[in-house]
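A structural walkthrough
As a plain string of letters, each chain reads:
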Amino acid sequence: MRTGVNDFALKLANVNGTGSASANGLLMQAIFRMGIPVSGKNLFPSNIQGLPTWYEIRVNKDGYTARALDYDLMVAMNAQTYAQDIREVRSGGYAMYDSSWPLDRSLAREDIHFLPVPLAQLCNEHFRDPRERILMKNIAYAGALVAALEIDMAIVEELLAERFSGKKAMRESNRQALRLGYEYAEQNFNCPLPFRLEKMDANDGKILIDGNTATALGCLYAGATVAAWYPITPATSVMDAFRQFCAKYRRDKETGRNNYLIIQAEDELAAIGMVIGACWNGARAFTSTSGPGISLMNELLGLAYYSEIPAVVIDVQRVGPSTGMPTRTQQADLMECAYASHGDTKHILLLPANPAECFDFAVKSFDLAEKFQTPVIMLSDLDIGMNDWVAPRLTWDDSYQPDRGRVLSAEDLERTPKFYRYSDEDENHVAPRSLAGVHEKGAYVTRGSGHNKLGGYTETPSEYQQVVDRLAKKQKSAANYVPLPKIARRAEARFGVITIGGCEPAVEEALDILAEREIPADYLRIRGFPFHKSIEAFLYEHEFCFVVEQNRDAQLRSLLILETCVPKDRVRSVLAYGGFPLSAKNVVDGILHQLEK
């Protein structure tokens, strides 16, 4: 049995649509405010209600936040999943359940402790409204956990006061339900349990935020004024948050007029078309979507690439192919995004690993899109985007100036004898552009068809090749401007581990576990594509490298083989693609299995 302070995992099993998210979020926020490193993973179904849903909370004083795979405490609130939930409790652990109805004898385990709480009975006795009884049952089990884990009750009540500041009746009913569970646990169990919470100061300078909210805030700070989208899980909350930020910060104080435009398009194809049109006219514009939306956007992404129009796409990845599992996480859009569209296309990709990077990379995406006059795709995922993460407090440099790239002003055009859209390239192989209506000399036809460097139509092979060769050089030049990889080295490491995005917490924890077993490894996390030269250097420094990613077909490994000169036999895969966030155990087991061959 695990004992001690600030080091355990609990899982809350519920039914989707019963309001459990409110209670689970309350617990997560209270632990965070106690200054303790904590992470929460919401594992929910794609239907509206009725199916099982789980929420996992991991507390770890050393700051490990990857998903746990066994649990010290299970709150089993869904009779349909009792067998599975009780089976996942570690030996010596605890299972809390609603004892208003007897637990089937077949579920008994002699190696764990049961905590029966008559939640439904308590709520039926104290609340009259049927819906309120269901909702308050969740708050009551939160109260029992407050007692069992020694969560600071003052913090919990402060959170309730904030949440229901204008709804006194709701605040009082939640407080009553909380007390019902708390008092029952105090009177009937040995509280706290052998594992418990104790205040720390590990969260100073940190916030609790999800990646989609951070992304939306980054788009706002980057100066985005136009957004077009079509609703899709798990990206919808990016635009929901952006709309709320714009309503607050992009409204003229004197006239009350909006200084932004958000359009819900009829589909993803229309959305990216609107974004490209807005960017062609000089606005900073973006769309948010997921894998199926990227599929629909391919043709117009090719148009923007070939005609050299900036555009920003936020891809919050989910499980595919086809509809797949909309509420599960994966990293399976890499190849699709890197080479999106028919013909020879390559795009700039940014790969954040947490909400803080979602904020920073969103800003970077707009700068790169305009600097290189091309689409930029930022790939987040459901785990980063929709779960709450403990992140450094977001900071902003007020001296920031957007990098608009080579945009000719009216004065520039007046001095120009003749403007040719695709000529006069700079050291990064980028030609200057003009904006509509700035000056008559800047007028030109945007060519998505074959065109030469003067912007005229062509079907001459050498003229066509001259243009697409420059586009390839331009994209390659972006390797010096995308975020550099994160690299960490250990003494006597004989192999490397490479990963991307939200895999980082699990991989870093796994590397510490391997080091304790005297198997040290170097670490590299890729943060942008095209690949910086330091990535290929890292590959050649090691006899072999493991590439950890969340997809079936080893897409990151494939990109490394395609875009570097490293031999295939020096790059090995560790894959997890079932749809749940990665755990350190997945990584350790995957590496050890191959080392032992």
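Residues numbered from 1 in each chain as written. Predicted model: local features only at pLDDT ≥ 70, side-chain atom pairs only at ≥ 80, totals over all residues. Heavy atoms only, no water.

**Some words on the overall build of the chain**
- Secondary structure summary: the chain contains 19 helices and 24 strands in total.
- Along the first, second and third principal axes, the C-alpha set of the chain runs to 90 × 65 × 40 Å.
- Across the 597 residues in the chain, those meeting the buried criterion constitute 54%.
- Summarising the internal contacts of the chain: among those between residues at least 6 apart in sequence, 74% fall at separations of at least 24.
- For the chain, the exposed surface amounts to about 25,400 Å²; the carbon and sulfur share of it is 49%. (Helix = DSSP H or I, 4+ residues; strand = E, 2+ residues; numbered from the N terminus. Buried < 20%, exposed > 50% of the residue type's maximum accessible area, 1.4 Å probe, protein only. Contact = heavy atoms within 4.5 Å. Areas by Shrake-Rupley, 256 points an atom, 1.4 Å probe, with all protein chains shown as cover.)

**Description of the pattern of salt bridges**
- Here the structure, examined in full by the defined rule, presents 36 salt bridges.
- The closest approach of N and O atoms between Glu 172 and Arg 175, which form a salt bridge, is 3.4 Å. Pair noted here: Glu 172 and Arg 175 are both in helix H6 (residues 168–188), with a separation of three residues, about one helical turn.
- A relative accessible area of 35% places Glu 172 in the partly exposed class.
- Judged by relative accessible area, Arg 175 falls into the partly exposed class, the value being 27%.
- The salt bridge partner of Glu 504 is Arg 525, with a shortest N-O separation of 2.6 Å. (Salt bridge = Lys/Arg side-chain N within 4 Å of Asp/Glu carboxyl O.)

**Things to note about the sheet that holds strand E19 (residues 486–488)**
- Read across the open sheet, the five strands follow the order E19-E21-E20-E23-E24; overall the sheet is mixed. If you trace the sheet from one side to the other, it starts and ends with E19 and strand E24 (571–575), each paired once. Ignoring which end each strand starts from, the neighbouring axes of this sheet average 20° apart.
- Together, strand E20 (496–500), strand E21 (522–526), strand E23 (545–549) and E24 form the strand contacts of helix H18 (residues 555–563), whose direction differs from that of E23 by roughly 135°. (Pairing = 2+ DSSP bridges. Axes fitted to C-alpha atoms, helices over the stretch in contact; angles between N-to-C directions.)

**Some points on the domain arrangement of the chain**
- Partitioning the chain into domains gives domain 1 (4–196), domain 2 (209–392), domain 3 (410–480) and domain 4 (486–596).
- Of note, the centres of domain 1 and domain 3, computed from C-alpha atoms alone, are 60 Å apart. (Domains from an automatic or database assignment.)

**Here's the deal with the packing of aromatic side chains**
- Applying the stated rule across the entire model yields 17 aromatic pairs.
- A ring pair is formed by Phe 286 and Phe 366, whose centres lie 6.1 Å apart and whose planes are at 85°; its orientation type is edge-to-face. Within this pair, whereas Phe 286 is found in strand E12 (residues 285–289), its partner Phe 366 is found in helix H12 (residues 355–372), the two being separated by 80 residues in sequence.
- Seen in terms of ring centroids, Phe 495 and Phe 546 are 5.3 Å apart; in terms of plane orientation they differ by 85°. Their pairing is edge-to-face. Of this pair, Phe 495 sits in the loop between E19 and E20 while Phe 546 is found in strand E23, placing the two residues 51 residues apart along the sequence.
- Its relative accessible area of 0% is what places Phe 546 among the buried residues.
- In textbook terms, an aromatic cluster arises when at least three aromatic residues are bridged by ring pairs, as seen for Tyr 221, Phe 359, Trp 396 and Tyr 400.
- Its guanidinium or amino end placed over the ring of Trp 389, Lys 41 lies 4.5 Å from that ring's centre, counting from NZ or CZ.
- Above the plane of the ring of Tyr 182 lies Arg 179, whose end atom (NZ or CZ) is 5.7 Å from the centre. (Phe/Tyr/Trp six-rings, centres within 6.5 Å; stacked < 30°, edge-to-face > 60°. Lys NZ or Arg CZ within 6 Å of the ring centre and 35° of its normal.)

**A look at the environment of Leu 145**
- For Leu 145, the position within the fold is in helix H4 (residues 130–149).
- As for Leu 145 and Met 96, which are separated by 49 residues in sequence, their C-alpha atoms are 9.1 Å apart.
- Setting aside residues up to four positions removed in sequence, Leu 145 forms contacts with Leu 10, Leu 12, Leu 27, Leu 73, Val 75, Met 96, Glu 150 and Ile 151.

**Considerations on H12**
- An ideal rise of 1.5 Å per residue puts 26 Å on 18 residues; H12 measures up with 25 Å between its terminal C-alpha atoms.
- Burial runs high along H12: 15 of the 18 residues are buried.
- Between a side-chain oxygen at the N-terminus of H12 and the backbone nitrogen of Ala 356 the separation is 3.2 Å; the capping residue is Asn 354. (Expected span 1.5 Å × (residues − 1). Polar contact = N/O pair within 3.5 Å; in protein donor to acceptor, adjacent residues only side chain to side chain.)

**Comments concerning unusual backbone geometry**
- Residues Gly 320 and Pro 321 are joined by a peptide bond in cis, for which omega reads 0°.
- For Pro 321, the location among the structural elements is in the loop between strand E13 (311–317) and helix H11 (334–338).
- Cis geometry is adopted by the peptide bond preceding Pro 530, which originates at Phe 529 and carries an omega value of 15°.
- Residue Glu 308 is not a glycine yet carries a positive backbone phi of 65°.

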